Amino acid sequence: MNRQEIDALVKKMNVDNATGEVNTRVQEIVVRLLGDLFEAIVDLNITQNELWKGLEYIADLGQANEVGLLVPGLGLEHFMDLLEDAKDAQAGVEQGGTPRTIEGPLYVAGAPESVGFARMDDGAEEGIMDTLIIEGVVSDVDGNVLPNAKVEIWHANGQGNYSFFDKTQSEFNLRRTIYTDENGRYRALTTMPVGYGCPPDGPTQKLLTLLGRHGQRPSHVHYFITADGFRKLTTQFNIEGDEYLWDDFAFATREGLIATVADKSSPEDLAEYNLDKPFK
Ligand code: MBD
Ligand code: FE
């Protein structure tokens with residue numbers, strides 16, 4: 001069957017067959033994706049058995065709540081960022097701001113709010129994980145600072161796990177919303193995160209393994225930055241020195257998003273890391 005015959009068949013079943021009210025956008029997308037799928041089935045000689053294995057996999061993925069994990073793992077979320085960058089460049093959007101990168105599946109709304117400063121950890125890893133101090137300023141691309149910008153920060157603990165998804169952590173541990181002060185600055189006192197790894201027995205890792213891939217992320221901290229009159233920025237910083245820095249299973253590491261440890265050792269406090277990561 002060639003593409004024309006496939007398209008005619010898909011149209012007959014899913015377009016000509018409509019009797020109720022049609023959402024034309026949904027129809028357009030579904031018809032296109034079905035045509036592409038049918039064509040792939042022909043081109044790759046996908047068997048009945050393989051088709052049902054694939055569908056069973058999708059069901060497993062949903063059951064394990066890992067749809068949002070496979071999407072970055074396959075590079076789809078990063079692809080959407082690159083597409084957005086290309087659209088910006090084409091539209092002549094002013095360049096030079098902090099790059100966007102993926103949200104990932106582990107944001108939780110409703111974190112505690114404060115102005116200027118927050119301690120993010122609940123103390124559970126005191127004496128276990130290094131202290132991390134994050135300091136930054138929110139400004140526009142011309143360098144004008146933005147007071148009262150909303151900075152939402154979330155990151156993993158020393159096991160690479162995120163509160164809410166990891167029920168052993170307290171509510172909103174390592175998740176805070178900090179509004180910038182009158183100088184556009186914010187500060188967070190927290191613990192050093194460790195990179196996330198996909199659940200080893202889950203469906204995402206199962207597919208990654210079939211692709212010969214690991215499911216590890218480097219140590220990172222997530223951001224949403226929102227300010228009146230500006231587009232929301234979704235980004236992260238990665239911590240320099242992590243073995244997975246440029247080998248992230250989710251492809252989120254980008255030039256301009258690598259945080260350098262500014263102050264690693266004072267004589268009495270070897271464990272204090274000071275990161276200065278300005279966000280524009
Ligand atoms: C994460 O912490 C993450 O940021 C992404 C993108 C996927 C899985 C876990
Ligand atoms: Fe993450």
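Preceding block: the structure.
These remarks concern the structure in this document. As the structure is a prediction and not an experimental result, all values here were calculated from the model.

The next thing to look at is empty space enclosed by the protein. Across all of its chains, the model carries 2 cavities of 30 Å³ or more by this definition. Taken as a whole, the largest cavity spans an internal volume of roughly 120 Å³. As for the largest cavity, its lining consists of 16 residues, of which Gly 104, Pro 105, Leu 106, Tyr 196 and Arg 217 are closest to the centre. For the lining of the largest cavity, the secondary-structure elements that each account for two or more residues are helix 4 (67-73) and strand 7 (220-226). Here the residues of the lining of the largest cavity are counted per class, giving 11 nonpolar, 3 polar and 2 charged. In this structure, the second largest cavity spans a volume of roughly 40 Å³. Along the walls of the second largest cavity sit Tyr 107, Val 108, Ala 111, Glu 152, Ile 153, Trp 154, Arg 175, Arg 176 and Thr 177, which together make up its complete lining. Secondary structure elements with two or more residues in the lining of the second largest cavity: strand 4 (150-155) and strand 5 (175-179). When its residues are assigned to classes, the lining of the second largest cavity shows 5 nonpolar, 1 polar and 3 charged.

In the vicinity of ligand 1, the contacting residues are Leu 69, Ile 102, Gly 104, Pro 105, Leu 106, Tyr 162, Tyr 196, Arg 217, His 220, His 222 and Ala 250. Interatomic distance of 2.8 Å between a side-chain N/O atom of Tyr 162 and an oxygen atom of ligand 1. Between ligand 1 and His 220, the relevant distance is 3.2 Å, taken from an oxygen atom to a side-chain nitrogen or oxygen of the residue. Across the complex, the protein chains shield 100% of the 260 Å² of accessible surface that ligand 1 would expose by itself. When atoms are counted within 2 Å of each cavity's grid points, the one that captures over half of ligand 1 is the largest cavity. In the shell around ligand 1, the residues fall into 7 nonpolar, 3 polar and 1 charged.

Rules used throughout
- Sequence order as written defines residue numbering, which begins from 1 separately in each chain.
- Labels follow written order: the first chain is A, the first ligand is 1, and so on.
- At least 70 in pLDDT is required for a residue's local features to be given in this predicted model, at least 80 for side-chain atom pairs to be given and counted, and no such filter applies to totals for whole chains, interfaces and linings, which use all residues.
- The side-chain values count all of the structure's non-hydrogen atoms but skip hydrogen atoms and water molecules.
- Put simply, the grid is 1 Å and covers the protein atoms alone, a cavity is a trapped set of points that fit a 1.4 Å probe, a pocket is an open set with protein on both sides within 12 Å along at least five of seven lines, and lining residues have an atom within 4 Å of a point.
- Grid points are joined across faces, edges and corners, and a volume is the space filled by probe spheres set on the points.
- Helical segments are the DSSP runs of H or I of at least four residues, strand segments are the runs of E of at least two, and each set is numbered from the N terminus.
- Classification convention: Asp, Glu, Lys, Arg as charged; Ala, Val, Leu, Ile, Met, Phe, Trp, Tyr, Cys, Pro as nonpolar; all other residues, Gly among them, as polar.
- Being near a molecule or strand, for a residue, means having at least one of its heavy atoms within 4 Å of it.
- Polar contacts here mean pairs of N or O atoms no more than 3.5 Å apart (in protein, one a potential hydrogen donor and the other a potential acceptor; neighbouring residues in sequence count only if both atoms are side-chain atoms).
- In short, Shrake-Rupley with a 1.4 Å probe defines the accessible areas, and a residue's cover is counted only from the protein chains shown.
- Being in a pocket or cavity means that more than half of the molecule's atoms lie within 2 Å of its grid points.

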